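Commentary on secondary and tertiary structure
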Amino acid sequence: QAGPNDLQTKADRLVQMSICASLARKFPKLTIIGEEELPTDDVTEDLIEDGHCEEILKKPCPAQYTGIKEEELVIWVDPLDGTKEYTEGLLDHVTVLIGIAYGGKAIAGVINQPYYNYEAGANAVLGRTIWGVLGMGAFGFQLTEAPAGKHIIVTTRSHSSALVNECITALNPDHVIRVGGAGNKIIQLIEGKASAYVFASPGCKKWDTCAPEAILHAVGGKITDICGNSFQYNKEVKHMNSAGVLATLRNYDYYASRIPNTVKESLVP
């Protein structure tokens, strides 16, 4: 029985089955951690994706990763980030997140926006894939910085609280954008629609931040918890980002320095 804040749709389960089974078949030594608890067997063949992208494979692997063994990688999968928004028809908030971690650090990620352009008319190309690797860069979007001198905060749409709002107020923003999905919020940063992503609350999980972190870091941004600690993504780590999220494409120190101590003390990593 799922409550309104724990919505799990058939789409979540099918997408995760497809991603995890497809990866496991091709790379059997990977550790794959997904949001949904699913049986690993009996995945129908129509859910298996066995193709690959020639365009991506033409790019050289960054030198620091050429010696990595398959079994050293941990894949964090959020099959449908922004589930609540998905069930409400806010389809542009929805992303599929696949993050790749090595040595506890996010090193590569994919953010797929399956409904990108869904309101742009019948002839628009639906969906896009943003991806990035540390040392290589990030692709599939136009990197844009937020307007200089403006403090535009992107935050949660459906998980607000007194603490979340206290933290945002302390930053004295010019504008606050409330949208669903961690992947979607990072897209707001890298496309210049927001200058900081601030979420002073537990609730966000490792599969929400791994892929977005890799993409943000690949273009020179920064993401930590509210207290300034970096996230760890080794397979033994707890799944909850219990001290929230602070992320920026630029000017991280400006926002970090303005987080009130009362907020930090309320959020224990």
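- Under an unreviewed UniProt entry, the name given to the protein is 3'(2'),5'-bisphosphate nucleotidase 1, and the organism recorded is Loxia leucoptera.
- UniProt, in the comment section headed Sequence similarities (unreviewed entry), describes the protein in these words: "Belongs to the inositol monophosphatase superfamily."
- Checking UniProt for the protein, the heading Cofactor (unreviewed entry) contains the comment "Mg(2+)".

1. A short note on the overall build of the protein
- If you tally the helices and strands in the protein, you get eight helices and 11 strands.
- Over its C-alpha atoms the protein spans a radius of gyration of 18 Å, differing by no more than 12% from the 18 Å that the globule rule assigns to 269 residues.
- In terms of principal-axis extent, the alpha carbons of the protein reach across some 50 × 45 × 40 Å.
- Taking all 269 residues of the protein together, 48% fall into the buried category.
- Contacts in the protein between residues far apart in sequence, at least 24 positions, make up 69% of those at least 6 positions apart.
- By element, 52% of the accessible surface of the protein is carried by carbon and sulfur atoms, the whole surface being about 13100 Å².

2. Digging into the sheet that holds strand E6 (residues 137-139)
- Strands sit in the order E1-E2-E3-E4-E5-E6 across an open sheet of six strands; the sheet is mixed. Both edges of this open sheet fall to strand E1 (31-34) and E6, since each of them pairs with a single strand only. Shown here is a sheet whose adjacent strand axes are inclined to one another by a mean of 15°, direction ignored.
- Pairing analysis gives four bridges linking E1 to strand E2 (residues 73-81), with the strands arranged parallel. Bridging from a neighbouring strand, Ile33 pairs with Trp76 of E2.
- Seen against the sheet, helix H6 (residues 206-218) touches E1, E2, strand E3 (95-102), strand E4 (105-113), strand E5 (128-133) and E6 and runs at an angle of roughly 100° to E4.

3. Brief notes about the UniProt feature "binding site: Mg(2+)" (unreviewed entry) in the protein
- When the UniProt feature table is mapped onto this chain numbering, "binding site: Mg(2+)" (unreviewed entry) sits at Glu35, Asp78, Leu80, Asp81 and Asp208. For the annotated residues, spread through 174 residues, the largest C-alpha to C-alpha distance comes to 9.7 Å, consistent with a single compact locus. Restricting the annotated residues to those that line the largest pocket leaves Leu80.
- With respect to the helices and strands, Glu35 occurs in the loop between E1 and helix H2 (54-57).
- On the accessibility criterion, Glu35 (30% relative accessible area) is partly exposed.
- Turning to its location among the elements, Asp81 is positioned in strand E2.
- Accessibility expressed as a relative area gives 5% for Asp81, which makes it buried.
- When residues no more than four places from it in sequence are discounted, the contact partners of Asp81 are His93, Val94, Thr95, Leu97, Gly181, Ala182, Gly183, Asn184 and Asp208.

4. Brief notes about the domain arrangement of the protein
- As assigned here, the protein comprises domain 1 (10-139) and domain 2 (152-266).
- Each of domain 1 and domain 2 has a C-alpha centre, and these two points are 21 Å apart.
- Taken together, the contacts link 39 residues of domain 1 with 31 residues of domain 2.
- Inspection of the domain 1/domain 2 interface yields three salt bridges.
- Taken together, the links from domain 1 to domain 2 amount to nine residue pairs in polar contact (both at pLDDT 80 or more).

Analysis parameters
Residues numbered from 1 in each chain as written. Predicted model: local features only at pLDDT ≥ 70, side-chain atom pairs only at ≥ 80, totals over all residues. Heavy atoms only, no water. UniProt positions renumbered as here; feature names shortened; annotations may be inferred. Helix = DSSP H or I, 4+ residues; strand = E, 2+ residues; numbered from the N terminus. Rg over C-alpha atoms; globule rule 2.2 N^0.38 Å. Buried < 20%, exposed > 50% of the residue type's maximum accessible area, 1.4 Å probe, protein only. Contact = heavy atoms within 4.5 Å. Areas by Shrake-Rupley, 256 points an atom, 1.4 Å probe, with all protein chains shown as cover. Pairing = 2+ DSSP bridges. Axes fitted to C-alpha atoms, helices over the stretch in contact; angles between N-to-C directions. 1 Å grid on protein atoms, 1.4 Å probe; cavity = no way out; pocket = protein on both sides within 12 Å on 5 of 7 lines; lining within 4 Å. Domains from an automatic or database assignment. Salt bridge = Lys/Arg side-chain N within 4 Å of Asp/Glu carboxyl O. Polar contact = N/O pair within 3.5 Å; in protein donor to acceptor, adjacent residues only side chain to side chain.

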